Structure formats: structure tokens, C-alpha cells
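Fold and contact review
One letter stands for each residue in the lines below.
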Amino acid sequence: MLYSLGISVLSLARLQFAITTVFHFFFVPFSIGMGFVVAILETVYAIRKEEIYKKMAQFWGKIFLLSFAVGIVTGLIQEFQFGMNWSNYSRFMGDIFGAPLAIEALLAFFLESTFVGVWMFTWDRFKPGIHALFIWLTSIGTMLSAIWILAANSFMQHPTGFTINGHTHRAEMTNFGQIVGNPQLWRVFPHVILGAFVTAAFVIAGMSAWALLRKQKDEIFFKKSLRFGLWIGLVAAFGVIIAGDFQTQQIIKDQPMKFAATEGEYKDTSSPASWKIVATFDTKNHQVKNEISVPYLLSLLTYHQPTGAVKGMNTVNQELKQKFNHNKSKSIRNIKNYYVPTTTLFWSFRFMAGFGVLLFLIAALGLFWSRPKKDTLARQKWLMYLIGLSVWIPFIANTCGWLITELGRYPWIVYGLYTIADAVSPTTTVGQLIFSNLLYLVLFTTLGGVMIYYARQTLHKGLDAIGGPTATAKSPVTSDPFAKEAFN
């Protein structure tokens, strides 16, 4: 009965992977970006000795610690479900997948988890420059973690430095340098890291905007935080656009089906090629039903020149069939077609790219209207609300990016080598997956709710959230913890 409804071990395992990956990836770029931004703030304080930058580092550091803690919990669940639901994948890829993960845990995670603790508890025990070094080491650790995780994922997108053992039928590493030097890795890493900076920047700017709209105390603090977030957001959003184009060039080369799907092209285009702004699709018959297009734009985006045709999914599908028809693996030979979820990829790409441009424009407008000599941002209520709502936009854009990355290589779990259907655990049952999916959904909802609640509480407390006798401008400095002023 469940199978007739489309509920199978494979579909439920894929759903669980989607739930755990998407939720974990809410917090990965968030914590990477916040660590980097807090490191910049504390460095400015160490150089300029202006107390407000210390307060900014401490306040936004609390938000960073919340994201860091939730990211660790969701990451553990993410790795746990690999062994439970994808044991065949683990057997096939263990020799390669295990090396980057081991280095990530022993080097990068050890670095970040050690120094984040030192940074938390030693504000008054080291000189500002030394203390700033601790958060830089934490930030570097988070980015190193990203490199090693992306190295494993990049192999799944574009396998390099391996051989298939003829006896065990497992992938075995032959060249670690090629794994680390994978061109896919160094195209995706800048995009992910800059996206993390955008996420942190607009969390800071957006939360500051809400504080100012509520006419909360510490107005000077939140105005300075708002502009700081917008500056980081402006630079990082521009970088994301450039890095995204850089990554797209690699996708065109390695995964033409993914690229054609993001552009909604079933048939080969003419030259010059038009870019579809919006479109609807008949995915069963592999046809575009309705579209609104801009002439020349697809050629410009693809080849950076006004001419050039793009290969459509129908052509790519035939090429992939011819390539894999004589593969030794029976499951690969039995693949009927290589079409990917076109509608999902098409709209995910447009939301991701559109939100990237929108965030750049929001940052530019916010900085223009909040410039020091003529700060009129408070009168632009519509923009203040838009900046406040922009807190959520990077999370949506990041999720769309990962949907493109993961769904775009269907039906492969390791591109050209191993299928998703082959990778699922043979002993896992539908009942187990239904139970664990519900359990994870409840757990993630609770974690997300707790994260939002405490971030909101921290925002409402303002500088009082970081404690200390100099938490607000009205709090007098006193060395007596039982003085009358301490209870005001």
C-alpha cells in the first residue's frame, strides 16, 4: 500500500537526506559568516581601541555562538544518517569520503571548537590583539571545515584521483592531490564562503533594523551595526554574483544536464540564445509550455558574448545514454533517462540569483540613505522593513543553491559512477525511516524555534545581553558588586 503511494525506502531515505542537509545548511553559512564578521569587529577594536567595536563583537558573538551550537548538533545528525540510510554508499565511497571527513574532524573542527571556548571565557585575561587571534583561529577553523566537506562533495559532483577496484567494486583513492585540487571544489568554495558572509551581514543588518524600528535603546550601537552589516553585505553580495558565474562555467563543462535544466532548455537553442525569465514545463513530455524570454541574454550569461548556442536536455540525455549504455553495472545500463527535476532547478536558480541581486541593491540603498553626513534612513520606513525582512533572504538563497547542487546530478550519487538507488541501505525499512523522519522533523523544529527565540531575546535586551558594568551608557562603572547602582 505504501509503495503504491510512492513511499519506499529510497524515497524516504532521500527525504531524510533533504531534511537533514537543508536544515544543517541553514546554520553552516550562518556560523561561518558570523565568525568571520565578529573577527573583523574585534580586530577593529584591537587596532582602534574604540569600545563600541568591542561591544559589537561581544553582542554579535552571542548570536554566532547560538548558530555554532545548533550547527554542531545538526551536523552530527547529518553524519549519523549516512551510516543508517546509505550504507552501500559508505562501502563504495568510504576510502575517499572518509579521508576529507577525518581531516575535517581532527584538524578543522578541533581548531574551531577549541578556540571558540578559549575566546568565550577570556575577554579580560588577554590583550585585545591576542584575544582577537582566538576568534580568527575559530573563523579559520570553520572555513577549513567547509573546504574538507566540499572536497568530499566535489568528488561526488566531479570524481578525480581514484580507481575502481575490480574485485571489491569500490572506489579507491589514487591521488590525494587531485582530490584536493578538484576544479569543482575551487569553483564552489568561493561561492559558498561569500554566501556565508552575505548571510551573516544581513542577519546583523536585519536585526539592527528591527531594533531601530522598535525604537529600542542603544540606538547608536544598532545604527553602527546596521551600516557595518550593509557594507559587508554589499561587498559579499557582489562577490557572490561573480563567484556564481565562475562556478557556472565549471557546471557547463562537467554537468551539462544540470545547466540546461536551470535554464529550462529541452531543445538546443539557436545562436544567439534567449534567457527565460519565467516558464512552465511539461516534464512528462519534456517540453516548454509557456515562457517569457530576453533575447541574447543566455548567450551573454553563458559565454560572455552576444552569440552562442546552448545544448538542450534532450540532446544531453541522448549523449549520456550512449556514454553509459555499455557500462559494466547493470543498474546503470538500466537507467531509462537522465533528466533532472527541471521545474525545481529552474526556479531554484532564479530565486537564488534574484535574491543575490536584491540583497546587493538593498545594501546599496541602505548605505546611501544612512551615509554619515545625511542619515535619512529612519525616514525610509519601507527600506527599514525591507532590511529587516532581509534577515531571511540569504537562508532561502542558500537552500536554493544546495537544491541545484544535489538534485542537479540525478540519478547519480557519485556522478557517472554510482546511482542513488544503489547507494541506499539494504536493511533499512520503511517503518524505521517514517519514525526517524518524524523524529528529526520534531527535533529540527524545536532547535530552530529555540535558536530564533534566544536570538530574539538577545536582540530585545540589547547591550544588556552582554552584561558587565559598561553594558549601557546609563550604567555607571563601579567596582562594588553590592553597590546600590548595581541593582538599578
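The shown structure was predicted, so the numbers you read here are calculated from the model rather than taken from an experiment.

**Here's the deal with a nonpolar patch on the surface**
Residues Phe238, Ile241, Ile242, Val357 and Leu361 make up a contiguous nonpolar surface patch of about 450 Å² in total accessible area. Looking at the nonpolar patch, the elements with two or more residues in it are α7 (219-254) and α12 (342-369). In terms of residue count, the dominant contributor to the nonpolar patch is α7 (three residues). Looking at the element boundaries, Phe238 is found in helix α7. Judged by relative accessible area, Phe238 falls into the partly exposed class, the value being 48%.

**Structural notes on the packing of helix α2 (residues 51-85) against helix α16 (residues 430-461)**
The relative placement of two packed helices is expressed as an angle between their axes plus a distance between the axes. For the pair α2 and α16, the least separation of the axes is 10 Å and the interaxial angle reads 175°. For the element pair α2 / α16, the angle class is roughly antiparallel. Between α2 and α16, the residues in contact are Phe59, Lys62, Ile63, Leu66, Ser67, Val70, Val73, Thr74, Ile77, Phe80 and Asn85 and Leu433, Tyr440, Leu443, Phe444, Leu447, Met451, Tyr454, Ala455, Thr458 and Leu459, respectively. Taken together, the residues of the contact of α2 with α16 break down into 16 nonpolar, four polar and one charged.

**Re the environment of Phe189**
Note that Phe189 resides in helix α6 (residues 183-213). C-alpha separation for the pair Phe189 and Ser154, spaced 35 residues apart in sequence, amounts to 9.7 Å.

**Description of the packing of aromatic side chains**
Overall, the coordinates contain 40 aromatic pairs when judged by the stated rule. Here the aromatic rings of Trp148 and Phe176 are separated by 6.1 Å at their centres, their planes lie at 20°, and the arrangement is stacked. Taken together, the positions of Trp148 in helix α4 (residues 128-157) and Phe176 in helix α5 (residues 176-180) put the pair 28 residues apart, joining distant regions of the chain. A residue is classified by how much of its surface remains accessible, and Trp148, at 13% relative accessible area, is buried. Taking the relative accessible area as the measure of exposure, Phe176 reaches 35% and is therefore partly exposed. Between Tyr338 and Trp412, the ring centres sit 6.0 Å apart and the planes meet at 25°, which makes this aromatic pair stacked. In this pair, Tyr338 sits in the loop between α11 (330-333) and α12 while Trp412 sits in strand β5 (residues 412-414), placing the two residues 74 residues apart along the sequence. The exposure classification of Tyr338 matches that of Trp412, with both residues buried.

**Considering helix α3 (residues 87-121)**
Over its 35 residues, α3 runs only 41 Å from end to end, short of the ideal 51 Å by more than 12%, given 1.5 Å per residue. Where α3 bends most, the angle comes to about 85°, and this point is Met93.

**Here we look at the pattern of salt bridges**
Summed over the entire model, instances satisfying the criterion amount to nine salt bridges. Each of Glu219, Lys223 and Asp375 takes part in a single network of salt bridges with overlapping partners.

**Observations regarding the pairing of strand β3 (residues 275-282)**
Note: β3 against strand β4 (residues 287-294), seven bridges, orientation antiparallel. Across the sheet, residue Ala279 finds its bridge partner in β4, namely Glu291. As consecutive antiparallel partners, β3 and β4 are separated by four residues, and within that stretch His286 has a phi angle of approximately 55°, a positive value.

Rules used in this analysis
- Residues numbered from 1 in each chain as written.
- Predicted model: local features only at pLDDT ≥ 70, side-chain atom pairs only at ≥ 80, totals over all residues.
- Heavy atoms only, no water.
- Patch = residues over 30% accessible without salt bridge, like charges linked within 9 Å, V, L, I, M, F, W, Y side chains within 5 Å.
- Areas by Shrake-Rupley, 256 points an atom, 1.4 Å probe, with all protein chains shown as cover.
- Salt bridge = Lys/Arg side-chain N within 4 Å of Asp/Glu carboxyl O.
- Helix = DSSP H or I, 4+ residues; strand = E, 2+ residues; numbered from the N terminus.
- Buried < 20%, exposed > 50% of the residue type's maximum accessible area, 1.4 Å probe, protein only.
- Axes fitted to C-alpha atoms, helices over the stretch in contact; angles between N-to-C directions.
- Parallel < 35°, antiparallel > 145°, perpendicular 65-115°, else oblique.
- Contact = heavy atoms within 4.5 Å.
- Nonpolar A, V, L, I, M, F, W, Y, C, P; charged D, E, K, R; others polar.
- Phe/Tyr/Trp six-rings, centres within 6.5 Å; stacked < 30°, edge-to-face > 60°.
- Expected span 1.5 Å × (residues − 1).
- Bend = angle between axes of the 7 residues up to and from the residue.
- Pairing = 2+ DSSP bridges.

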